[in-house]
Amino acid sequence: MFGDEFSDIIKITKGNGQSIELDQRRIKIRENKNGLMGISYVAPAFESMDIEDFFEGVITSEEVYMDIGGTGDYKVRFRGLVEGKGKNFPNNFNHKIILLQEPTNLDPRVNIQETGFSRFVTPEERFGGL
């Protein structure tokens, strides 16, 4: 159908140019209506350690770039890395969930998240128009 146009790699790149490549065959991506993505990755322990090392020191809300299958980079914000749980995987496999959010769901004009669980308040709203 598409031939070799797309790769089986999801590439995440930090602002300093450092990147990690993940095999799409080991990934499931879920996204909610607020643009929060959960990238569920089940891989051998040594690969999941690479993910932990890659995201070590990355702060919440730091911008990173994600390229799915060679379709081009787009900007997302890192929200965290958590241990997955549930299904019975072989002993040498780990389950990690990378949380990313599309920044298009943030309105920078008034610093209020348009949808979601939190609402950011401007100083004017909090203190009555200083």
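A brief look at the structure comes next.

The pairing of strand β4 (residues 36–44) with strand β7 (residues 93–101) spans nine bridges and is antiparallel. Residue pairing in the sheet places L36 in a bridge with Q101 of β7. Judged from the six bridges that link them, strand β6 (residues 73–83) and β7 form a sheet pairing that is antiparallel. When the bridges of β7 are listed, V82 appears paired with I97.

Let's shift gears to the sheet that holds β6. One key point about sheets: their strands pair by backbone hydrogen bonds, in either a parallel or an antiparallel sense. If you walk across this open sheet you meet the seven strands as β2-β1-β5-β6-β7-β4-β3, and the pairing is antiparallel. In the strand order of this sheet, the two ends are held by β2 (19–23) and β3 (27–31), each with one partner. Within this sheet the neighbouring strands show an average axis-to-axis angle of 35°, counted without direction. Bridge analysis of strand β5 (residues 63–68) against β6 gives five bridges, and the strand direction is antiparallel. Bridge pairing in β6 links Y65 to K75. Seen against the sheet, helix α1 (residues 45–55) touches β1 (9–14), β2, β4, β6 and β7 and runs at an angle of roughly 140° to β4.

Along the polypeptide, F6 turns up in the segment before β1. With relative accessibility at 42%, the residue F6 sits in the partly exposed group. As for F6 and I68, which are separated by 62 residues in sequence, their C-alpha atoms are 8.5 Å apart. The residues contacting F6, other than those within four sequence positions of it, are G69 and T71.

Attention now moves to the layout of surface pockets. Looking at the largest pocket, its volume works out to about 310 Å³. For the largest pocket, the lining is made up of 16 residues, of which K28, S40, V42, K87 and H95 are closest to its centre. Breaking the lining of the largest pocket down by element, the ones donating at least two residues are β3, β4 and β7. The leading source of residues in the lining of the largest pocket is β4, at five residues. Each residue belonging to the lining of the largest pocket can be placed in one class, and the counts come to six nonpolar, four polar and six charged.

Mapped onto the secondary structure, N94 falls in strand β7. We classify N94 as partly exposed; its relative accessible area is 26%. Along the sequence, N94 and P44 sit 50 residues apart, while their C-alpha atoms lie 6.1 Å from each other. Residues in contact with N94, not counting those within four places in the same chain, are Y41, V42, A43, A45 and S48. Among the polar contacts listed, one links the side chain of N94 to the side chain of S48, at a separation of 2.9 Å.

Reading the values: the criteria
Residues numbered from 1 in each chain as written. Predicted model: local features only at pLDDT ≥ 70, side-chain atom pairs only at ≥ 80, totals over all residues. Heavy atoms only, no water. Pairing = 2+ DSSP bridges. Helix = DSSP H or I, 4+ residues; strand = E, 2+ residues; numbered from the N terminus. Axes fitted to C-alpha atoms, helices over the stretch in contact; angles between N-to-C directions. Contact = heavy atoms within 4.5 Å. Buried < 20%, exposed > 50% of the residue type's maximum accessible area, 1.4 Å probe, protein only. 1 Å grid on protein atoms, 1.4 Å probe; cavity = no way out; pocket = protein on both sides within 12 Å on 5 of 7 lines; lining within 4 Å. Points joined across faces, edges and corners; volume = space filled by probe spheres on them. Nonpolar A, V, L, I, M, F, W, Y, C, P; charged D, E, K, R; others polar. Polar contact = N/O pair within 3.5 Å; in protein donor to acceptor, adjacent residues only side chain to side chain.

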